[in-house]
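Listed below, chain by chain, are the residues.
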Amino acid sequence: MLLRHGETGWSRSGRHTGVTDVPLTPAGEKQAARLADRLAAWSFVLVAASPRQRALRTAELAGLTRSADHRDRAAAGAGVARFEVWDDLAEWNYGEFEGVTTPDIRRSVPDWTVWTGPTRGGETPAQVGGRADVVIGRVLSYLERGDVALVGHGHMLRVLVARWLELDPVLGARFVLDAGGLSILGHEHETRAVLRLNEPA
């Protein structure tokens, strides 16, 4: 299961938010809290989150940081056997374009997208894809034992969807993930598949 963090001021305004550690807005906190009701029936052998506060706060409000053995059984939220913070789940490093909107970038770089670049001083799609592959590799051993939830960011999770499907990282451009949205990856027989995509909180 993939959860994109709730709304931030920068995500609302379209500013590229990679390494900048911005908080959730009140609306973003509500989005994350609503996820708890949807996840209450789930049990996860692992929840991993990006180290950014917007992802960690989303995981907390969604009930994904509580241990299955120690949480209040009456509280909303999923059962979680193990919670970890993974640097490889951090958002794309946008380099010089950190905090800048696409329209503003296109004033100097016509037709620019994060998928086609350039992203001066930041990561390439291949580099983000490499991190997604590391995440998938770590997750696979847990999936033999049960479900896993990953809490992260729009562009990184879009690349992760592409790599789960064994596609080029740039094809993450074709999967849109809204703030506070939930997606589920899995298998159809032995083939990796998208089971749910971008369900709103």
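Please refer to the structure placed before this passage.
Here's what I pulled together on the structure shown here. (Residues numbered from 1 in each chain as written. Predicted model: local features only at pLDDT ≥ 70, side-chain atom pairs only at ≥ 80, totals over all residues. Heavy atoms only, no water.)

## Comments concerning the overall build of the protein
Our working rule: Strands here are runs of E lasting at least two residues and helices are runs of H or I lasting at least four, both read from the DSSP assignment and numbered beginning at the N terminus. Note that the radius of gyration is over C-alpha atoms, with the globule rule given as 2.2 Å times the number of residues to the power 0.38. The cut-offs for exposure are 20% and 50% of the maximum accessible area for each residue type, with area from a 1.4 Å probe on protein chains only; residues under the lower value are buried, those over the upper are exposed, and the others partly exposed. Whether two residues touch is decided by their heavy atoms; if any such pair falls within 4.5 Å, the residues are in contact. Positive residues here are Lys and Arg, negative ones are Asp and Glu, while His and the chain termini are left out of the count. For this purpose, a charge sits on NZ of Lys, CZ of Arg, CG of Asp or CD of Glu.
When helices and strands are counted, the protein shows 6 helices and 7 strands. Counted from the first residue to the last, the protein has its helices and strands arranged as β-α-α-β-α-β-β-α-α-β-α-β-β. In terms of overall dimensions, the protein is globule-like: its C-alpha atoms have a radius of gyration of 16 Å, near the 17 Å expected for 201 residues. With the C-alpha coordinates of the protein rotated into their principal frame, the extents come out at 55 × 40 × 25 Å. Counting the 201 residues in the protein, one finds 48% classified as buried. In the protein, once contacts between residues fewer than 6 apart in sequence are set aside, the share between residues at least 24 apart is 69%. The average position of the 24 basic charges and that of the 25 acidic charges among the side chains of the protein differ by 4 Å.

## So, the packing of aromatic side chains
Rule in force here: For Phe, Tyr and Trp, rings pair up if their centres lie within 6.5 Å, where Trp contributes its six-membered ring, and each pair is then called stacked (planes under 30 degrees apart), edge-to-face (over 60) or tilted (otherwise).
Within the structure shown, the criterion is met by 4 aromatic pairs. Relative to Trp-115, the ring of Trp-92 has its centre 5.4 Å away and its plane inclined at 85°; by these criteria the two rings are edge-to-face. In this pair, Trp-92 is assigned in the loop between strand 4 (83–85) and helix 4 (102–105) and Trp-115 in the loop between helix 4 and helix 5 (125–143), connecting sequence segments 23 residues apart. Each member of the pair, Trp-92 as well as Trp-115, is classed as buried.

## Notes on the packing of helix 5 against helix 6 (residues 154–164)
Filter applied, for reference: Lines are fitted to the C-alpha atoms to define the axes, a helix being fitted only along its stretch in contact, and any angle between axes, read from their N-to-C directions, falls within 0 to 180 degrees. Should an angle fall under 35 degrees it is called roughly parallel, over 145 degrees roughly antiparallel, and 65 to 115 degrees roughly perpendicular, with every other angle called oblique. If you view the pair so one helix is near and one far, a crossing is left-handed when the near helix is turned anticlockwise from the far one by less than a right angle, and right-handed when it is turned clockwise. Three residue categories are used. Nonpolar comprises Ala, Val, Leu, Ile, Met, Phe, Trp, Tyr, Cys and Pro, charged comprises Asp, Glu, Lys and Arg, and polar comprises the others, including Gly.
Relative orientation of the contacting elements helix 5 and helix 6 amounts to 65°, with a least axis distance of 9 Å. As judged from the angle between their axes, helix 5 and helix 6 are roughly perpendicular. Like other packed secondary-structure pairs, helix 5 and helix 6 cross with a definite hand, here right-handed. On helix 6, the residues touching Val-128, Gly-129, Arg-131, Ala-132, Asp-133, Val-135, Ile-136, Leu-140 and Leu-143 of helix 5 are Met-156, Val-159, Leu-160, Arg-163 and Trp-164. The class makeup of the residues in the contact of helix 5 with helix 6 is 10 nonpolar, 1 polar and 3 charged.

## Points about the nonpolar core
In a soluble, globular protein the nonpolar side chains are often hidden away together inside. We count it as follows: Only buried Ala, Val, Leu, Ile, Met, Phe, Trp, Tyr and Cys residues count toward a nonpolar core, and they belong to the same one when joined by side-chain atoms within 4.5 Å.
In this structure, Leu-2, Trp-86, Leu-89, Trp-92, Val-135, Leu-150 and Leu-160 are the most contacted members of the largest nonpolar core, which totals 31 residues. Contributing elements (two or more residues each) for this core: strand 2 (43–49), helix 5, strand 5 (147–152) and helix 6. Examining the composition of this core, we find that 7 residues originate from one element, helix 6, more than from any other. Apart from residues lying up to four places away in sequence, Val-135 is in contact with Trp-86, Asp-88, Leu-89, Leu-150, Met-156 and Leu-160. Core analysis: the next-biggest nonpolar cluster, separate from the first, contains 17 residues, Phe-44, Ala-49, Leu-182 and Ile-184 among them.

## Quick notes on the side chain of Ser-183
The condition that has to hold: Polar contact is the term for a pair of N or O atoms within 3.5 Å; when the atoms are in protein, one must be able to donate a hydrogen and the other to accept it, and sequence-neighboring residues count only if both atoms are side-chain atoms.
As for its placement among the helices and strands, Ser-183 is situated in strand 6 (residues 182–188). A distance of 2.7 Å separates the side chain of Ser-183 from the backbone nitrogen of Asn-198, its partner in a polar contact. Contacts of Ser-183, omitting those with residues within four sequence positions, involve Met-1, Leu-2, Leu-177, Arg-196, Leu-197 and Asn-198.

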